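What follows is the residue order along each chain.
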Amino acid sequence: MRSVNRHMTPWLILVAHRPMYNSEKFFTDYQLSIHMRLALEDLLHQYDVDMMLCGHRHSYERTCPVYREQGDKRVTVHIVAGGAWFDLD
């Protein structure tokens, strides 16, 4: 990501199956999201990733720009777009 020319590629988007932030109350999903934050969140911040787009949950959610559970206009927006196939939450 260091070599990305932000004038040619103005948006950096990370795509993953499971979200780092969501409001669902499933313990195993919550545990995994904590591990993902520990492993990835500083990298997203370091490389100015604009958006993390995920599925897994059968719902739609979007955060404000957030880093370490705090709002900040200069950080990643997290989107869960998991509305396909199964019953929606």
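Preceding this section is the structure that the text describes.
This structure is a prediction, so every number in the text was calculated from the model and none was measured.

1. Re the sheet that holds strand 1 (residues 13–15)
Then comes step 1: A sheet is described by the order of its strands in space; here four strands give the open sequence 1-2-6-3, paired in mixed fashion. Of all strands in the sheet, those with a lone pairing partner are strand 1 and strand 3 (60–62), marking the two edges. The average angle at which neighbouring strand axes cross in this sheet is 15°, direction not considered.
Then comes step 2: Direction of pairing for strand 3 relative to strand 6 (residues 77–81): antiparallel, over a ladder of three bridges. Directly across from Arg62, in strand 6, lies its bridge partner Ile79.

2. A word on the nonpolar core
Then comes step 1: Residues Met20, Tyr21, Met36, Leu44, Tyr47, Val49, Met52, Cys54 and Val66 constitute the largest nonpolar core, which totals nine residues.
Then comes step 2: Those elements that place two or more of their residues in this core are helix 1 (27–46) and strand 2 (51–54).
Then comes step 3: Excluding residues that lie within four positions of it along the chain, Met36 makes contacts with Arg18, Pro19, Met20, Glu41 and Met52.

Rules of the game
Residues numbered from 1 in each chain as written. Predicted model: local features only at pLDDT ≥ 70, side-chain atom pairs only at ≥ 80, totals over all residues. Heavy atoms only, no water. Pairing = 2+ DSSP bridges. Helix = DSSP H or I, 4+ residues; strand = E, 2+ residues; numbered from the N terminus. Axes fitted to C-alpha atoms, helices over the stretch in contact; angles between N-to-C directions. Core = buried A, V, L, I, M, F, W, Y, C linked by side-chain atoms within 4.5 Å. Buried < 20%, exposed > 50% of the residue type's maximum accessible area, 1.4 Å probe, protein only. Contact = heavy atoms within 4.5 Å.

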